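Here is how the chains run, residue by residue.
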Amino acid sequence: MSIDRRSVLAAALAGVFTLPLPRRALAAAEVERVDALIARMTVEEKAGQMTCLTDSFRPYNPPNPQVGIQNERQLADEVRKGRVGCLFNGIGVAGARRAQQIAVKDSRLGIPLLFAGDVIHGLRTIFPVPIAEAATFDPALAERTARAMASEATAAGLHLTFAPMVDVARDQRWGRVVEGAGEDVYLGSLLAAARVRGFQGRDLRRDDSLLACPKHFAAYGAVAAGLEYGSVDISEETLRETHLPPFGSAFAAGALTTMAAFSEINGVPATADRDLLTDLLRGEMKFRGFVFSDYTADEELIAHGFAEDERDAARLAVLAGVDMSMQSGLYIRHIPDLVKSGAVPMETVDVAVRRILYVKTAIGLFDNPWRSLNEDMEKARVGAPALQALSREAAARSIVLLRNEGLLPLDPAKGQKIALIGPFGEDRANLYGPWAFYAEKGKGVDVAAGLRAAMPDPAQLIVAKGSEILGPIDGGIAQAVEAAQAADIVILALGESQDMSGEAQSRTVIEIPPPQQALAQAVTAIGKPVIVLLRHGRALALHDGVANAQAILATWFLGSQTGHAIADILFGRENPSGKLPVSFPWESGQEPFFYDRKSTGRPVVDSNIEYKARYTTTDNSARFPFGHGLSYSEFVLDNLKLSDTALRWDRAIEITTRLTNKGKRKGSEVVQLYIRDRVASRTRPIRELKRIERVTLGPGESKTVRFSLSRTDLQFVGSGNRIIAEPGAFDLWVGQSSTDGLHAQFTLYAAEAVAR
Ligand code: BGC
């Protein structure tokens, strides 16, 4: 399958979209119904529709004690009075039906509630965390897992998920790297669209369609020094070129809501930024859905030093274009008076309410307030056993084989004795990842269970913890060394706990915690063959015993089927095919680090030459670059051909290359096409990913892979925010990572040059 969404991406980059506007998705009678409703609403009822509160009918994620309405009775009263239009972070049909009953039957206007929640990588069945799944470089798979999540989430009484997170994340200190697609804008844009399509399905009115909410608008991943909730200071070009396209792609795929970021951009908190949320988002990007605030982010305008008090904060947020206030209750408390005093025009409120009611209409809530609230469906779909197979498939395909000095795959028939060492060997508390609060705790398959299930003689597995995640165990290292000595092969299961990445989990050092590193040193010193299984929600800087192991696998947080998926890879039932969506640096201090950086005036060509753009402690390359990932097969690319080395202004060139599987097993490779614009009016990255294609080949098989490039693929944000392509020379690489590949050149000719 060729993954070429050129038109979507070109449109995303150009800020021009053909959006499935909710208004157009509605029948004329439905539009009239919304207008008639708005005409009958009091300003308080309008503010109610613009208010989303945590769901005390079915509390899963306990409300913030300072702001949450803590009990069902109190919240029921608010629903009855029409003072809330959306409940979030609760699941379960029974509670939702109680709430909906009050909204529809007891409130004056009977407007149904919208039920929202964070279903980020699964509800009951947990799939790999999004950064792991990004390593598949496979939008089709991401679409399938999103569809599966939607099936469970809607059966559990949700209409909307606060996902996908489409923030491009280039600083691995930031904990929320785990929730997104990594450092690359192209891959991020493909996955953003795929996930939206998967969540929403083809028909928004179907019972199993889950509204998507791409977040956090915008550039939340660019917080300075990776500090969560921090400030973003960014050029207009980088904002537009790197951080907006995944949103554009998600909107073009049909997303009807988005969420404003907690952070500020260039001195203005996103939640109060009218240029961002109105002029750019709606004006330029033509977004026609509605905007959520993030959790109490409107209230936080006070702490930002941007609003005087709550009332001022509500005023700023609503005027900026935040339609739905999440959790603070500020809108219901202040909008009525803000309108009365003239500080907020009724027209602004009406526009926001209309957007929200259009979305409620678009998913069929007015016709059937009971959609997605069916107990039989809940029983049948939540935790459906069939989803486990998809979770296992996605997990195995998310694993990235970083290094393999001939050790893998293991042959189960050899009956080798394996010592499984480290805090993640026999541990079910850190399989899922940070956004799995609806999953059954302790139910996933851990590494030990997965290995035992795959070994002809499970007694050949010895397990020694050796160390806690963050602290040493008395005598732990000695025990681990003893286990390693008794074994033929050592597997070290090391890394981060699931609480060490995710929201509010910024770290200054992105390394294996010291007690685990000490364990690795001691165990590797005895000289047995060592396989390292990394558990992590971000790229890590690896050292010594860990970095020098014969085999290293990035295994992230893989979800419910972790152990089976890892065993599938270790024993060769699956051939690894994951690719890194984030660069692994040598040192933490290289962050932010990403492959598509600029050349500088003093690039490092020869590492012996001084006064070049590098650190004195390490050069500025990656230990494992973006796009890297090995296979048990040997894939070879050759025969790179361009249909023409002259790219005419309004034409395309075709690029072909041959991929051969020279190995003895069937396997998949992701062929990656990168370009570099040699000379431009704004310096361009040393490489930019422009195409990917995943190819599966049997032993000895070859396939010709075809790509096409045209001028729009070469565009960038030039001066005055104009999207331009500039004539001139380009490099092109077709390779297996961001640092290798077959090389060619072509030239883009200006329109006039062609005419002449
Ligand atoms: C997060 C959002 C999330 C929201 C609701 C916030 O703290 O930043 O990503 O959707 O909570 O749970």
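Residues numbered from 1 in each chain as written. Predicted model: local features only at pLDDT ≥ 70, side-chain atom pairs only at ≥ 80, totals over all residues. Heavy atoms only, no water.

Could you give an account of the packing of aromatic side chains, with specific residues and numbers?
Enumeration over the complete set of coordinates arrives at 17 aromatic pairs. Ring geometry for Phe217 versus Phe247: centroids 5.0 Å apart, planes at 90°, classification edge-to-face. Here Phe217 is found in strand E6 (residues 215–217), whereas its partner Phe247 is found in helix H11 (residues 245–252), with 30 residues between them in sequence. These aromatic residues form a ring-pair network of at least three members: Phe88, Phe162, Phe290, Phe292 and Tyr295. Lying over the aromatic face of Phe115, Arg58 brings its terminal NZ or CZ to 4.7 Å of the ring centre. Lying across the ring of Phe594, Arg170 places its NZ or CZ 4.1 Å from the centre. (Phe/Tyr/Trp six-rings, centres within 6.5 Å; stacked < 30°, edge-to-face > 60°. Helix = DSSP H or I, 4+ residues; strand = E, 2+ residues; numbered from the N terminus. Lys NZ or Arg CZ within 6 Å of the ring centre and 35° of its normal.)

Let's hear about empty space enclosed by the protein: which residues, and what values?
Tallying each qualifying case throughout the model produces 4 cavities of 30 Å³ or more. Put simply, the largest cavity is a space of about 120 Å³. Every residue lining the largest cavity is counted, 17 residues in all, and those nearest its centre are Gln49, Val79, Gly82, Ser107 and Ile111. Counting only elements with at least two residues in the lining of the largest cavity, the list comes to helix H4 (43–49) and helix H5 (72–80). Across the lining of the largest cavity, the residue classes break down as 7 nonpolar, 5 polar and 5 charged. One number sums up the size of the second largest cavity: a volume of about 90 Å³. (1 Å grid on protein atoms, 1.4 Å probe; cavity = no way out; pocket = protein on both sides within 12 Å on 5 of 7 lines; lining within 4 Å. Points joined across faces, edges and corners; volume = space filled by probe spheres on them. Nonpolar A, V, L, I, M, F, W, Y, C, P; charged D, E, K, R; others polar.)

Tell me what's going on with the sheet that holds strand E9 (residues 264–265), and back it up with residues and numbers.
Read from one edge to the other, the open sheet built from 3 strands follows the order E7-E9-E10, with strand pairing classed as mixed. The open sheet is flanked by strand E7 (231–232) and strand E10 (268–269), the only strands paired with a single partner. Pairing analysis gives 2 bridges linking E9 to E10, with the strands arranged antiparallel. Across the sheet, Ile265 pairs through a bridge with Val268, a residue of E10. (Pairing = 2+ DSSP bridges.)

An account of helix H12 (residues 274–284) is needed here, citing residue identities and associated values.
Residues of H12 that are buried include every one of Leu276, Leu277, Thr278, Leu280, Leu281 and Arg282, and no others. In this structure Asp273 caps H12, since a side-chain oxygen of it lies 3.1 Å from the backbone nitrogen of Asp275. Backbone geometry just downstream of H12 places Lys286 in the positive-phi region, at approximately 60°. (Buried < 20%, exposed > 50% of the residue type's maximum accessible area, 1.4 Å probe, protein only. Polar contact = N/O pair within 3.5 Å; in protein donor to acceptor, adjacent residues only side chain to side chain.)

Just give me the short version of the nonpolar core, but keep the residues and values in it.
Generally speaking, soluble globular proteins have nonpolar side chains that are buried together. One finds Ile531, Trp556 and Phe584 to be the most contacted residues of the largest nonpolar core, which totals 199 residues. Both domains that furnish three or more residues to this core are identified here as domain 1 (1–117 + 306–383) and domain 2 (384–580). Among residues more than four places away in sequence, those in contact with Ile531 are Leu407, Leu408, Leu410, Ile489, Val490, Ile491, Leu492, Ala551, Leu553 and Leu570. With 24 residues, the next largest nonpolar core counts Leu659, Val671, Leu673 and Val695 among its residues. (Core = buried A, V, L, I, M, F, W, Y, C linked by side-chain atoms within 4.5 Å. Domains from an automatic or database assignment. Contact = heavy atoms within 4.5 Å.)

Provide a residue-level description of the environment of Ala146, including the pertinent values.
As for its position among the elements, Ala146 is in helix H8 (residues 139–155). In this structure, the C-alpha to C-alpha distance between Ala146 and Gly201, residues 55 residues apart in sequence, is 9.1 Å. Excluding its chain neighbours within four sequence positions, the residues that come into contact with Ala146 are Arg195, Gly198 and Phe199.

Residues and numbers for the pairing of strand E2 (residues 51–54), please.
Of the strand pairs in this sheet, E2 and strand E12 (residues 325–326) are connected by 2 bridges, and their pairing is parallel. By the bridge assignment, Cys52 is partnered in E12 with Met326. Sheet topology note: the E2/strand E3 (residues 86–88) ladder contains 3 bridges and is parallel. Across the sheet, Thr54 pairs through a bridge with Phe88, a residue of E3.

Describe the pattern of salt bridges, listing the residues and the values that go with them.
Under the defined criterion, the tally for this structure stands at 53 salt bridges. For Lys81, the salt bridge identified is with Asp77, shortest N-O distance 3.2 Å. Overall, Asp77 belongs to the partly exposed group, its relative accessible area being 30%. Salt-bridge contacts for Glu237 lead to Arg682; the nearest nitrogen and oxygen are separated by 3.0 Å. With Glu237 in helix H10 (residues 236–243) and Arg682 in the loop between strand E24 (667–677) and strand E25 (688–697), this pair connects stretches of sequence that are 445 residues apart. Arg682 gets classed as partly exposed once you look at its relative accessible area, which sits at 30%. (Salt bridge = Lys/Arg side-chain N within 4 Å of Asp/Glu carboxyl O.)

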